[in-house]
Amino acid sequence: MTDINRIWRDGLWDNNPGLVQLLGLCPLLAVSNTAVSGLGLGLATLIVLVVSSLLVSALRHTWRPETRIPAFVLIIASTVTAIDLSMQAWLHELSRSLGIFVPLIVTNCTILARAEAFASRQPVGPSLVDALAQGTGFAAVLVVLGAGREVVGRGTLFDGAEMLFGESAAGWTIPVLPFEQGLLLAVLPPGAFIGLGLLVAARQHLINRSREAGVKSRPAPSTAEPTTP
Amino acid sequence: MRQVLCALVPAVVAHVWFFGYGILFQLVLAVGFALGLEAAMLKLRDRPLKPFLSDYSAVVTGVLFALCMPPLAPWWVTAVGMVFAIVIAKHLYGGLGYNLFNPAMVGFAAVIVAFPLELSHWLLPRQLSPGLPGLAETAQAILTGGLPESLNWDAVTGATPLDRLRTGVTENLAIGEIRNSPVFGDFGGLGWEWIANFYALGGLYLMWRRVISWHVPVAVIATTILVSTPLWLLGPDTNPSPMQHVFSGALVLAAFFIATDPVSGCSTPRSKLLFGAGVAVLTLAIRRWGGYPDGVAFAVLLMNMAAPLVDRLTRPRTYGHYRSRKESSHPGGD
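What counts and what doesn't
Residues numbered from 1 in each chain as written. Chains lettered and ligands numbered in written order. Predicted model: local features only at pLDDT ≥ 70, side-chain atom pairs only at ≥ 80, totals over all residues. Helix = DSSP H or I, 4+ residues; strand = E, 2+ residues; numbered from the N terminus. Buried ≥ 20, exposed ≤ 12 C-beta atoms within 10 Å, placed from the backbone. Rg over C-alpha atoms; globule rule 2.2 N^0.38 Å. Domains from an automatic or database assignment. Contact = placed C-beta atoms within 7 Å. Nonpolar A, V, L, I, M, F, W, Y, C, P; charged D, E, K, R; others polar. UniProt positions renumbered as here; feature names shortened; annotations may be inferred. Core = buried A, V, L, I, M, F, W, Y, C linked by C-beta atoms within 7 Å. Expected span 1.5 Å × (residues − 1). Axes fitted to C-alpha atoms, helices over the stretch in contact; angles between N-to-C directions. Parallel < 35°, antiparallel > 145°, perpendicular 65-115°, else oblique. Left-handed = near helix turned anticlockwise from the far one by under 90°. pLDDT = per-residue confidence, 0-100.

Thoughts on the overall build of chain B
- From N to C terminus, chain B includes 17 helices and 0 strands.
- Overall, the C-alpha framework of chain B stretches about 70 × 55 × 35 Å when taken along its three principal axes.
- Taking all 334 residues of chain B together, the buried fraction comes to 48%.

What follows is the structure in structure tokens.
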């Protein structure tokens, strides 16, 4: 039985898909220009991950090892198509603003990686937890990066929330900075790379600091080095 | 480093003569921000302040950055540029000696991407301007970002010669027609070509003092001429002359002062030649096809990335060793 807390810790921090495995960078970098679009794509990815992990885990005894990758791809592609069509139906504005990146969730390596590395070897329960943890971890990075880029680049936060939460959220936009025009660089693609680099560095800094604190207080700290599959 | 600063003095004086006091404000601002940020980063990294602040490397970064800026750029543009130059390009990569990229050029690339409008306000030279902004007006423009009421942007600023060439060529004008515009001088832009001459003068002084070697500047300028001459001879209406290329934009400044950076550039004589040639070819390509009128900063950054590879390709043979595959591979294997 795999430790549930360990899975959550892995997905959210120790082995975060965005910050540690550096998987799924294409949507992570392309869509994180506002907090809301980051959250939208993060949620879509989370749902795809959960559904595909559940299916892969439930069906894991039905295919031969040689054909598992095509089976994963088929499951993931069907899930993404379903999500894409639902978003077009119920979240039309958001789906238009995310554009090609919703269908492109198919190519997000995080999802295939979790299917291969976890769901195809574990029972349904742990696979569900793993998908939730990894998906939440990915969405969290998208939202943090999106919020940071939005604040620096446009001086607002949660602009366009009505696309995700309906008309009542139209007034959620928080003007953070008093500028008419923010730092354009943050909204452009280079800003995404710089922002992600800073996030990875910040995470590393926190880890180093807690490791130093651990060395001082305990003789043998259990600092598991995050592994990249 | 102090000699580099001395070598830039004539060009700065020429800049003030042609374009007014703006450059002096930019220099003071950029150097001030550079030193302040350098001190802050050294403090954060628990490094001693005095040896690092007195090596003048931050000052040189600030000065080179300021020389690339439009004279009336508002102060916050310079501040953002110096944050990228000193904090990100220099100290996050490990400080002087570890920086992969030329800090001044990283700062400039960041601000030209982030503030395209502010970076397009180039003053017209003295001969064409209805009146260069005075000290007080310059200070007001830089501190507030807006011009005083006596001036307006359209009167005192204009497209740079390279901008004008680019728009002219896209409108299917022949180079000869475009060059009838008064912003052009004998070779490059009016005013600009003289400043380029003074950069070259300062660069020759540095070569004479053996601060820089001849390889990079010669490679940059010779390659620019070698590549653009046949194109110009084939199509003089669509391709600017080689002299135009050399004396436009920041090419001479880059050849003598920026591409010669010993940290982010190449180290052996042959690799320096290749490095300079690469900067020149990329600059010409960006000027011709790129989205920005001058590509020197991007060319230098791209070549900075290639510098370790170029160094490796041109590694000199160790005395007593033969040229063989075995010896050229690392012990650990590549």
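Section: the overall build of chain A
- In terms of regular secondary structure, chain A is built from 10 helices and 2 strands.
- Its helices and strands in sequence order give chain A the pattern α-α-α-α-α-α-α-β-α-β-α-α, from N to C terminus.
- The C-alpha atoms of chain A give a radius of gyration of 19 Å, which matches the 17 Å a tight globule of 229 residues would have.
- For the C-alpha atoms alone, the extent of chain A along its principal axes is close to 55 × 55 × 30 Å.
- Within chain A, the proportion of its 229 residues that are buried is 40%.

Observations concerning the domain arrangement of chain B
Residue and element names in this part refer to chain B.
- Looking at the assigned domains, one finds that chain B contains domain 1 (21-122 + 124-154) and domain 2 (158-315).
- Computed over C-alpha atoms, the centres of domain 1 and domain 2 are 22 Å apart.
- Taken together, the 20 residues of domain 1 in the interface contact 19 residues of domain 2.
- Top element by residues in the side of domain 1 that touches domain 2 is helix H6 (residues 103-114). It accounts for 6 residues.
- Tallied by class, the residues present in the side of domain 1 that touches domain 2 amount to 16 nonpolar, 4 polar and no charged.

Some details on the UniProt feature "transmembrane region" (unreviewed entry) in chain A
- Under the UniProt annotation, "transmembrane region" (unreviewed entry) lies at residues 38-59, 71-91 and 182-202 of chain A.
- Taken end to end, residues 38-59 of chain A comprises 95% helix and 0% strand; its first and last C-alpha atoms sit 31 Å apart.

Topic: unusual backbone geometry
Residues and elements named next belong to chain B.
- The phi dihedral of Asp46 falls on the positive side, at around 55 degrees, and the residue is not glycine.
- Positionally, Asp46 belongs in the loop between helix H2 (22-44) and helix H3 (49-53).
- In this structure Asp46 comes out as exposed when scored by C-beta crowding, with 6 C-beta atoms within 10 Å.
- The residue Tyr56 is not glycine, and still its phi comes out positive at about 65 degrees.

Observations concerning the nonpolar core
- Counting residues in each nonpolar core, the largest one holds 101 residues, and the members touching the most others are Ala30, Val63, Phe65, Met105, Ala254, Val279 and Val300 of chain B.
- Composition of this core by domain shows at least three residues from each of domain 1 (21-122 + 124-154) and domain 2 (158-315) of chain B.
- Other than its neighbours up to four places away in sequence, Ala254 of chain B contacts Val220, Ala259, Val279, Val296 and Val300 of chain B.
- Counting residues in hydrophobic clusters, the runner-up holds 42 residues, among them Val80, Phe138, Val141 and Leu145 of chain A.

With respect to H6 of chain B
- Relative to the 16 Å expected for 12 residues at 1.5 Å per residue, H6 of chain B spans 16 Å between its end C-alpha atoms, a close match to the ideal helical length.
- Counted residue by residue, H6 of chain B has 11 buried out of 12 residues, so it is predominantly covered.
- For H6 of chain B, the full list of buried residues reads Pro103, Ala104, Met105, Val106, Gly107, Phe108, Ala109, Ala110, Val111, Ile112 and Ala114 of chain B.
- Packing partners of the buried residues in H6 of chain B comprise helix H9 (184-187) of chain A together with helix H4 (57-68), helix H5 (75-91), helix H14 (251-258) and helix H16 (296-313) of chain B.

Quick notes on the packing of helix H11 (residues 192-208) of chain B against H14 of chain B
Residues and elements named next belong to chain B.
- One way to put it is that H11 packs onto H14 with a least axis distance of 9 Å and a crossing angle of 15 degrees. What the angle tells us is that H11 and H14 run roughly parallel. Crossing of H11 against H14: the hand is left-handed. Contacts from Ala196, Tyr199, Ala200, Gly202, Gly203 and Leu206 of H11 reach H14 at Val252, Leu253, Phe256 and Phe257.
- Looking at side-chain class alone, the contact of H11 with H14 contains 8 nonpolar, 2 polar and no charged residues.

Quick word on the confidence of the model for chain A
- Confidence along chain A averages 84 in pLDDT terms, with 91% of residues attaining 70 or more.
- A low-confidence stretch, residues 220-229 of chain A stays under pLDDT 50, and its non-local contacts, those more than four residues away or across chains, total 15 contacts.

Some points on the confidence of the model for chain B
- Looking at chain B, the pLDDT average stands at 85 and 96% of residues meet or exceed 70.
- Interface scoring of the predicted complex returns ipTM 0.70; its pTM is 0.81.

Topic: the packing of helix H3 (residues 35-58) of chain A against helix H7 (residues 124-154) of chain A
Residue and element names in this part refer to chain A.
- Viewed as axis vectors pointing N to C, H3 and H7 meet at an angle of 165 degrees, and their least axial separation amounts to 8 Å. Classified by the angle between their axes, H3 and H7 sit roughly antiparallel to one another. For H3 against H7, the interelement crossing comes out right-handed.
- Of the residues contributing to the contact of H3 with H7, the split by class is 19 nonpolar, 11 polar and 2 charged.

Section: the environment of Leu132 of chain A
Residues and elements named next belong to chain A.
- By the element assignment, Leu132 lies in helix H7.
- For Leu132, a count of 17 C-beta atoms within 10 Å translates into the label partly exposed.
- Leu132 sits 81 residues away from Ala213 along the chain, and the two C-alpha atoms are 30 Å apart.

Some thoughts on the environment of Ile69 of chain A
- Here Ile69 of chain A lies in helix H4 (residues 68-90).
- When the C-alpha positions of Ile69 of chain A and Leu112 of chain A are compared, they lie 8.4 Å apart, and in sequence the two are 43 residues distant.

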